[in-house]
Amino acid sequence: MPKNRNVFSSLLSRAASRVVHGLWRHAQRAGAVSAERPGPYAFRRIGEGTRLAFPQGTLFGTEWIELGACCVVGAEVTLTAGMMPDLDLGPDTVLRLGDGVVLGRGSHVVADGAGAGVTIGNDVFCGPYVYITSTNHSYDDPHQPIGRQWPRSAPVEIGAGSWLGTGAVVLPGARLGRNTVVAAGSVVRGEVPDHAVVAGAPAKVVRRWDPGEGWLPPLRTPPPVPVPEGVTGGQLAALARLGVPEPGTAGAEAGRLGGAAGPGPVPAPPADREGSDDGMRTP
């Protein structure tokens, strides 16, 4: 009899697990926010193809938040405009995401009003738990608790094509150029030039792109071989089963497999492509 009870208990537990996971998947689909299904939020703009995963983090001041097209906002991401909810922030957008922006799970973008907004350019990719803020505590008065003193605010701009690694922090007044790389765990303030890699707390430039000399200091690993244009999902799966081909042979191998996985030959990949050995993908 105890054995039968154990079998029944195991079957019941498995069934309950399937039900719980099924309900959660349904909640994730139903609770995602998009232009077609904004839920309870009144964003100033949500571009076509943009999706905020469920569950969302803290969202307020959405009337002053613009999200471009084809953005991917992970679960538990906080987006706020203003120091607190229910403020009138005026006619201008306070927090703007360009097209193709990716915000990893648990990230925070906190934009103050009154000329201290946050602007994130097109195709900026952020890893999980990135923190971007245009407002910060002050400690001018040594006799008052820091949390009760009026904060300092300054606008933040992140240039198009940039990549911010896991846990990066961007402080008020920071201005990052185009295609910048911020190493994981770095704390950024001030100006960062175009095509630079910064790391540390506070972040310093550790690599930069020179039009005449390339990356300084030079990259230590060869560039990755890109997927040739026109390769289908079936061809990639077939290549994976055969093993990774040598650089320059991917196109020929994919073309050989074209009869089984898709039509037409595939051109060989280009011989040169910029890359990075900093543990982060550069756009």
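Residues numbered from 1 in each chain as written. Predicted model: local features only at pLDDT ≥ 70, side-chain atom pairs only at ≥ 80, totals over all residues. Heavy atoms only, no water.

Student: Lay out the overall build of the protein in plain terms, naming residues and giving numbers.
Tutor: The helix and strand inventory of the protein stands at four helices and 24 strands. For the protein, the residues scored as buried account for 39% of the 283 residues in total. Within the protein, residue pairs in contact and separated by at least 24 positions form 38% of the contacts whose partners lie at least 6 positions apart. Of the roughly 16,200 Å² of accessible surface on the protein, a fraction of 57% belongs to carbon and sulfur atoms. (Helix = DSSP H or I, 4+ residues; strand = E, 2+ residues; numbered from the N terminus. Buried < 20%, exposed > 50% of the residue type's maximum accessible area, 1.4 Å probe, protein only. Contact = heavy atoms within 4.5 Å. Areas by Shrake-Rupley, 256 points an atom, 1.4 Å probe, with all protein chains shown as cover.)

Student: I'd like to hear about the packing of aromatic side chains, residue by residue, with values.
Tutor: On inspection of all chains with the given rule, the structure shows three aromatic pairs. Seen in terms of ring centroids, W24 and F54 are 5.9 Å apart; in terms of plane orientation they differ by 50°. Their pairing is tilted. On the criterion of sequence distance, the pair formed by W24 in helix α1 (residues 2-31) and F54 in the loop between β2 (51-52) and β3 (59-60) is long-range, its members being 30 residues apart. For W24, a relative accessible area of 41% translates into the label partly exposed. With a centroid separation of 5.6 Å and 70° between ring planes, the pair formed by W209 and W215 is classed as edge-to-face. Residue W209 is classed as partly exposed on the basis of its relative accessible area, which comes to 31%. (Phe/Tyr/Trp six-rings, centres within 6.5 Å; stacked < 30°, edge-to-face > 60°.)

Student: So what's going on with the pattern of salt bridges? Which residues, and what values?
Tutor: The final tally for this structure, using the stated rule, is five salt bridges. With a shortest N-O distance of 2.4 Å, R152 and D140 are connected by a salt bridge. Taken together, the residues R152 in strand β14 (residues 152-153) and D140 in the loop between β13 (135-136) and β14 connect sequence positions 12 residues apart. Residue class for D140 comes out exposed when judged on its relative accessible area of 52%. The salt bridge partner of R175 is E157, with a shortest N-O separation of 2.8 Å. In this pair, R175 is assigned in strand β18 (residues 175-176) and E157 in strand β15 (residues 156-158), connecting sequence segments 18 residues apart. Look at R175 and you get partly exposed, because its relative accessible area is 29%. (Salt bridge = Lys/Arg side-chain N within 4 Å of Asp/Glu carboxyl O.)

Student: Describe unusual backbone geometry, naming the residues involved and giving the relevant values.
Tutor: Here the amide bond leading from F54 into P55 is cis, since omega sits at 0°, within 30 degrees of zero. Mapped onto the elements, P55 comes out in the loop between β2 and β3. Residue A201 is joined to P202 through a cis peptide bond whose omega torsion reads 0°. As for its placement among the helices and strands, P202 is situated in the loop between β22 (196-199) and β23 (204-210). With a phi angle near 60°, C70 is a residue other than glycine that sits in the positive phi range.

Student: Could you give an account of the pairing of strand β9 (residues 108-111), with specific residues and numbers?
Tutor: Two strands pair when backbone bridges link them, and strand β6 (residues 78-81) and β9 are joined in this way by four bridges, in the parallel orientation. Pairing of A81 across the sheet is with A111, part of β9. As paired elements, β9 and strand β12 (residues 131-133) share three bridges and run parallel to each other. Looking at β12, one finds that H108 is bridged to Y131. (Pairing = 2+ DSSP bridges.)

Student: Just give me the short version of a nonpolar patch on the surface, but keep the residues and values in it.
Tutor: On the surface, a nonpolar cluster with roughly 460 Å² of combined accessible area is contributed by M83, M84, L87 and W150. In this structure, L87 sits in the loop between β6 and β7 (95-97). On the basis of relative accessible area, L87 is assigned to the partly exposed category, the value being 36%. (Patch = residues over 30% accessible without salt bridge, like charges linked within 9 Å, V, L, I, M, F, W, Y side chains within 5 Å.)

Student: A description of the sheet that holds β6 should follow, citing residues and the corresponding values.
Tutor: Within the open sheet, the six strands sit side by side as β3-β6-β9-β12-β17-β20. Their pairing is parallel. Both edges of this open sheet fall to β3 and β20 (187-188), since each of them pairs with a single strand only.

Student: Can you break down the sheet that holds strand β11 (residues 125-126) residue by residue, with the values?
Tutor: Judged by pairing direction, the sheet is mixed, and its nine strands sit side by side in the order β2-β5-β8-β11-β16-β19-β22-β23-β24 without closing on themselves. Taken across any chain shown, the strands that pair with only one partner, and hence form the sheet edges, are β2 and β24 (214-216). Looking at chain direction, strand β8 (residues 102-103) and β11 are connected through two bridges and run parallel. Within β11, the residue paired with V102 across the bridge is F125.

Any link to function would need more than the numbers given here.
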